[in-house]
Amino acid sequence: MFLLKIGGRSGHNPLAPGASGIIDETLEDRKIFLSSKSYLEKYNSFVDCYPGNMNNANTELMYGINKANSNSVDLFYSVHLNKAYDIYNGAIGAEVWVHPNASSSTISIANRILNNLKNLGFLNRGVKTSSELAELNSTNMEAMIIECFFCEATTDVSIYKKYGAEELGFAIANGIDPKVIKNTNSNEVNKVKYLVIYNNDVDKRAAEYLADYLKCATINETNYDSNTLKAETIITVGGGVKTKGTLALYGSDRYETLKAVLKYMNKL
Ligand SMILES: [Zn+2]
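As the structure is a prediction and not an experimental result, all values here were calculated from the model.

**Re the overall build of the protein chain**
Then, in step 1: On a plain count of helices and strands, the protein chain comes out with seven helices and 10 strands.
Then, in step 2: In terms of its C-alpha atoms, the protein chain occupies a principal-axis envelope of roughly 75 × 40 × 30 Å.
Then, in step 3: Within the protein chain, the proportion of its 268 residues that are buried is 47%.
Then, in step 4: Of all intrachain contacts in the protein chain linking residues separated by at least 6 positions in sequence, the fraction that spans at least 24 positions is 74%.
Then, in step 5: For the protein chain, the accessible area works out to roughly 13,200 Å², and carbon and sulfur atoms hold 48% of it.
Then, in step 6: Treating the 28 positive side-chain charges of the protein chain as one cloud and the 29 negative ones as another, the clouds have centres 8 Å apart.

What follows is the structure, encoded as structure tokens:
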């Protein structure tokens, strides 16, 4: 698993506002975006493409696009709320827009986001394609516009009020990067006795031998978040692991790494 370089923004800004229904798009999509960003930037490199205050809708749109292009991000996303009617009694739901040339992995990401939103109760309107939208046709990378729900639909807004921007931001972040896991309060942090960390499938077997011996868990370094998983003793297996553990076991290749692990086990 490699690190993604992600560019994102919330749609519109206070000087060039978006839709207004029961709630205001510009205000709420900002909160949802900031929540998604806080999750994604823990695991990936993140470029914030939000323009701040710009009073021309086209200028502010191009600001975000140019920032994503000049930073060569791998994936760009823009968070919006939708609107179709003046008032609407009931549910309408979530949709994600991609370019007709979007890759299958981008479509998978869009579907994961929609599934996460569906799990909160929003109707899934599916992945839609358009070549007319600037954020899709003027970005050089894979891009998507996430229309979380309809701001005039009573049921949509009540689901949003039930879960809040934090949960919707998590739904987006986890859809983009499934490594992203829920924030936990510090008093809920797991603390285990031993943890074995590897970062390469080649060293996974050796890590598992050691973990069986210690009766503990292994974790791939790409999934490891030191804020949410604490261990008294962390043992890293393989030369490529960046995490500073209590003890590092590695050799010049996979066999030497395995030998180092076996040697350590005999010594225990
Ligand atoms: Zn919008």
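Next comes the rest of the description.
**Observations concerning the nonpolar core**
Then, in step 1: Formed by 41 residues in total, the largest nonpolar core has its most connected members in Ile32, Tyr77, Met144 and Phe149.
Then, in step 2: Where this core is concerned, the elements lending two or more residues are helix H1 (25-43), strand E3 (75-82), strand E4 (94-98), helix H3 (104-120), strand E6 (142-150) and helix H5 (154-176).
Then, in step 3: The leading source of residues in this core is H5, at 10 residues.
Then, in step 4: Beyond its immediate sequence surroundings of up to four residues, phenylalanine 149 is in contact with Ile23, Ile32, Leu81, Asn82, Gly93, Phe122, Asp156, Val157, Tyr160 and Leu168.
Then, in step 5: Counting 14 residues, the second-largest nonpolar core is a separate cluster that includes Ala206, Leu214, Ile235 and Leu249.

**Comments concerning the coordination of the zinc ion**
Then, in step 1: Protein-derived ligands of the zinc ion are His12 (NE2), Glu25 (OE) and His80 (ND1), with the metal-ligand distances lying across 2.0 to 2.2 Å.
Then, in step 2: In primary-sequence terms, the residues that donate to the zinc ion follow H-x12-E-x54-H. Here histidine 80 lies in strand E3 and glutamate 25 lies in helix H1, a separation of 55 residues in the sequence.
Then, in step 3: Looking at glutamate 25, the relative accessible area reads 3%, which means it is buried.

**Remarks on the packing of aromatic side chains**
Then, in step 1: In this structure the tally under the stated criterion is seven aromatic pairs.
Then, in step 2: Relative to phenylalanine 149, the ring of phenylalanine 122 lies with its centre 5.3 Å away and its plane at 10 degrees, an arrangement referred to as stacked. With phenylalanine 122 in the loop between H3 and strand E5 (124-129) and phenylalanine 149 in strand E6, this pair connects stretches of sequence that are 27 residues apart.
Then, in step 3: The class for phenylalanine 149 is buried, based on a relative accessible area of 0%.
Then, in step 4: It is arginine 30 that lies over the ring of tyrosine 50; its NZ or CZ is 3.5 Å from the centre.
Then, in step 5: For lysine 182, the ring lying beneath its charged end belongs to phenylalanine 170, and the centroid distance is 4.7 Å.

**Some thoughts on the domain arrangement of the protein chain**
Then, in step 1: Per the domain assignment, the segments making up the protein chain are domain 1 (5-176) and domain 2 (186-267).
Then, in step 2: Between the C-alpha centres of domain 1 and domain 2 the distance comes to 38 Å.

**Digging into the sheet that holds E3**
Backbone hydrogen bonds are what pair the strands of a sheet, in a parallel or an antiparallel way.
Then, in step 1: The mixed open sheet is built from six strands, whose spatial order is E2-E1-E3-E6-E4-E5. Two strands lie at the open edges of the sheet, namely strand E2 (45-48) and E5, each paired on one side alone. Here the average twist between neighbouring strands, direction ignored, is 20 degrees.
Then, in step 2: Relative to E3, strand E1 (residues 5-10) is paired through five bridges, and the arrangement is parallel.

Each value, and the rule that gives it
Residues numbered from 1 in each chain as written. Predicted model: local features only at pLDDT ≥ 70, side-chain atom pairs only at ≥ 80, totals over all residues. Heavy atoms only, no water. Helix = DSSP H or I, 4+ residues; strand = E, 2+ residues; numbered from the N terminus. Buried < 20%, exposed > 50% of the residue type's maximum accessible area, 1.4 Å probe, protein only. Contact = heavy atoms within 4.5 Å. Areas by Shrake-Rupley, 256 points an atom, 1.4 Å probe, with all protein chains shown as cover. Lys, Arg positive; Asp, Glu negative; His and termini not counted. Charge placed at Lys NZ, Arg CZ, Asp CG, Glu CD. Core = buried A, V, L, I, M, F, W, Y, C linked by side-chain atoms within 4.5 Å. Donors = N, O, S within 2.8 Å, 3.2 Å for Na, K, Ca; no water. Phe/Tyr/Trp six-rings, centres within 6.5 Å; stacked < 30°, edge-to-face > 60°. Lys NZ or Arg CZ within 6 Å of the ring centre and 35° of its normal. Domains from an automatic or database assignment. Pairing = 2+ DSSP bridges. Axes fitted to C-alpha atoms, helices over the stretch in contact; angles between N-to-C directions.

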